[in-house]
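# Coordinate analysis (summary)
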Amino acid sequence: AVTIDGNAWQSYAAALSSGLGVNSPNVTTTSVTPSPATDSSTASMLNSAIWKGGADLNVTRTLASGNYQVYLWVMENYQSNYRSFKIRLEGNEVNASAGNLPLGGWAKYGPYSVSVNDGALNVDLVPVSGDVHLMGMAIFN
């Protein structure tokens, strides 16, 4: 668990025990230097990833019905421009070209507005090239 942008984040293990679901991801940590440079907590988060080789990465989060703002953090930790992917929230494509970052490059995607009506937020990362991965997710209502 770390503090990012002034907000306390759950660790991956804590999130799994409190309503996060992921479709059999690989979990990895790296030691890539983020560019642009960032604080140590954000760098730590950016060097922790869940990923899926050659398939969609599906993430669900139990949430009460309502309207939310979603942010996703991604850093390229393998090689420059290795991956690109689509981001879908609740089945709706909100970004058709995430990724394509230089090695160490990172992006905070969003905010994406989404309405949850079934008790769970569904986030799908769909590969265009390379493997999809995700370093962090923030949800605000």
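First, a word on what this report is: a plain description of the structure on this page. Every chain is numbered independently, its residues counted from 1 as its sequence is written. With pLDDT at 70 or above as the cut-off, local features in this predicted model cover only qualifying residues; side-chain atom pairs require 80 or more to be listed or tallied, and sums for whole chains, interfaces and linings still use all residues. Excluding hydrogens and water, the side-chain values take into account all heavy atoms of the structure.

## Topic: the overall build of the protein
Counting from the N terminus, the helices are DSSP H or I runs at least four residues long and the strands are E runs at least two residues long. Across its full length, the protein holds two helices and 13 strands. By the compact-globule yardstick of 14 Å for 141 residues, the protein fits well, its C-alpha radius of gyration being 14 Å. With a 1.4 Å probe rolled over the protein chains alone, any residue whose accessible area is under 20% of its type maximum counts as buried; one over 50% counts as exposed, and the rest are partly exposed. The buried share among the 141 residues of the protein stands at 41%. The contacts in the protein between residues at least 6 apart in sequence include a share of 75% that link residues at least 24 apart. Where the 6 positive side-chain charges of the protein centre and where its 9 negative ones centre are 2 Å apart. Put simply, the radius of gyration uses C-alpha atoms, and a globule should come to 2.2 Å times the residue count raised to 0.38. Whether two residues touch is decided by their heavy atoms; if any such pair falls within 4.5 Å, the residues are in contact. In this tally Asp and Glu are treated as negative and Lys and Arg as positive; neither His nor the chain ends contributes. For the purpose of locating charges, the reference atoms are NZ of Lys, CZ of Arg, CG of Asp and CD of Glu.

## Examining the side chain of Arg 83
Residue position: Arg 83 is located in the loop between strand 7 (66–75) and strand 8 (84–89). A polar contact of 2.9 Å, which involves the side chain of Arg 83, links it to the side chain of Glu 76. Setting aside its immediate chain neighbours within four residues, Arg 83 contacts Glu 76, Asn 77, Tyr 78, Ala 98, Gly 99, Asn 100, Ser 129, Gly 130, Asp 131, Val 132 and His 133. We define a polar contact as two N or O atoms separated by no more than 3.5 Å, with the added condition that, inside protein, one atom must be a possible hydrogen donor and the other a possible acceptor, whereas residues neighbouring each other in sequence contribute only through side-chain atom pairs.

## Some words on the packing of aromatic side chains
Between rings of Phe, Tyr and Trp, where Trp is taken as its six-membered ring, a pair exists when centres lie within 6.5 Å; planes separated by under 30 degrees are stacked, by over 60 edge-to-face, and by other angles tilted. Under the criterion given, the structure shown has four aromatic pairs. Arranged with centres 6.0 Å apart and planes meeting at 85 degrees, the rings of Tyr 71 and Phe 140 form a pair that is edge-to-face. One end of the pair, Tyr 71, is in strand 7; the other, Phe 140, is in strand 13 (residues 136–140), and 69 residues separate them in sequence. Residue Tyr 71 is classed as buried on the basis of its relative accessible area of 18%. On the numbers, 4.7 Å between centres and 65 degrees between planes, the contact of Tyr 78 with Tyr 82 is edge-to-face. Linked through ring pairs, Trp 9, Tyr 71, Trp 73 and Phe 140 together constitute an aromatic cluster. Placement of a positive charge over a ring is assigned whenever Lys NZ or Arg CZ falls within 6 Å of the ring centre and within 35 degrees of the normal to the ring plane. Directly above the aromatic system of Tyr 71 lies the positively charged group of Lys 108, at a separation of 4.6 Å from the ring centroid.

## Section: the nonpolar core
Counting 27 residues, the largest nonpolar core has Leu 57, Val 59, Leu 72, Ile 87, Tyr 109, Val 123 and Leu 125 as the members making the most contacts within it. Of all elements in the fold, only strand 3 (20–22), strand 6 (57–62), strand 7, strand 8, strand 10 (106–116), strand 11 (120–129) and strand 12 (132–134) reach the threshold of two or more residues within this core. Examining the composition of this core, we find that five residues originate from one element, strand 10, more than from any other. When residues no more than four places from it in sequence are discounted, the contact partners of Leu 57 are Val 22, Asn 23, Pro 25, Ile 50, Trp 51, Lys 52, Val 123, Asp 124, Leu 125, Val 132, His 133 and Leu 134. With eleven residues, the next largest nonpolar core counts Ile 4, Val 32, Tyr 71 and Trp 73 among its residues. Only buried residues count toward a nonpolar core, which is a set of Ala, Val, Leu, Ile, Met, Phe, Trp, Tyr and Cys residues joined through side-chain atoms within 4.5 Å.

## Here we look at the sheet that holds strand 13
Two strands pair if DSSP finds at least two bridges between them. Here we have three strands laid out as an open sheet, ordered 10-7-13, and antiparallel in their pairing. Because the sheet does not close on itself, it has two edges, and the strands there are strand 10 and strand 13. Averaged over all adjacent pairs, the angle separating strand axes in this sheet is 20 degrees, with direction ignored. Strand direction decides the pairing type here: strand 7 and strand 13, joined by five bridges, are antiparallel. Across the sheet, residue Gln 69 finds its bridge partner in strand 13, namely Phe 140. Angles run from 0 to 180 degrees between N-to-C directions of axes, and those axes are lines fitted to C-alpha atoms, restricted for helices to the stretch in contact.

## Brief notes about the sheet that holds strand 12
Pairing between sheet strands relies on hydrogen bonds along the backbone, with the strands arranged either parallel or antiparallel. Ordered in space as 4-5-12, the three strands form an open sheet in which the pairing is antiparallel. Both edges of this open sheet fall to strand 4 (26–29) and strand 12, since each of them pairs with a single strand only. The average angle at which neighbouring strand axes cross in this sheet is 30 degrees, direction not considered.

The quantities given are spatial measurements derived from coordinates; they are silent on function.
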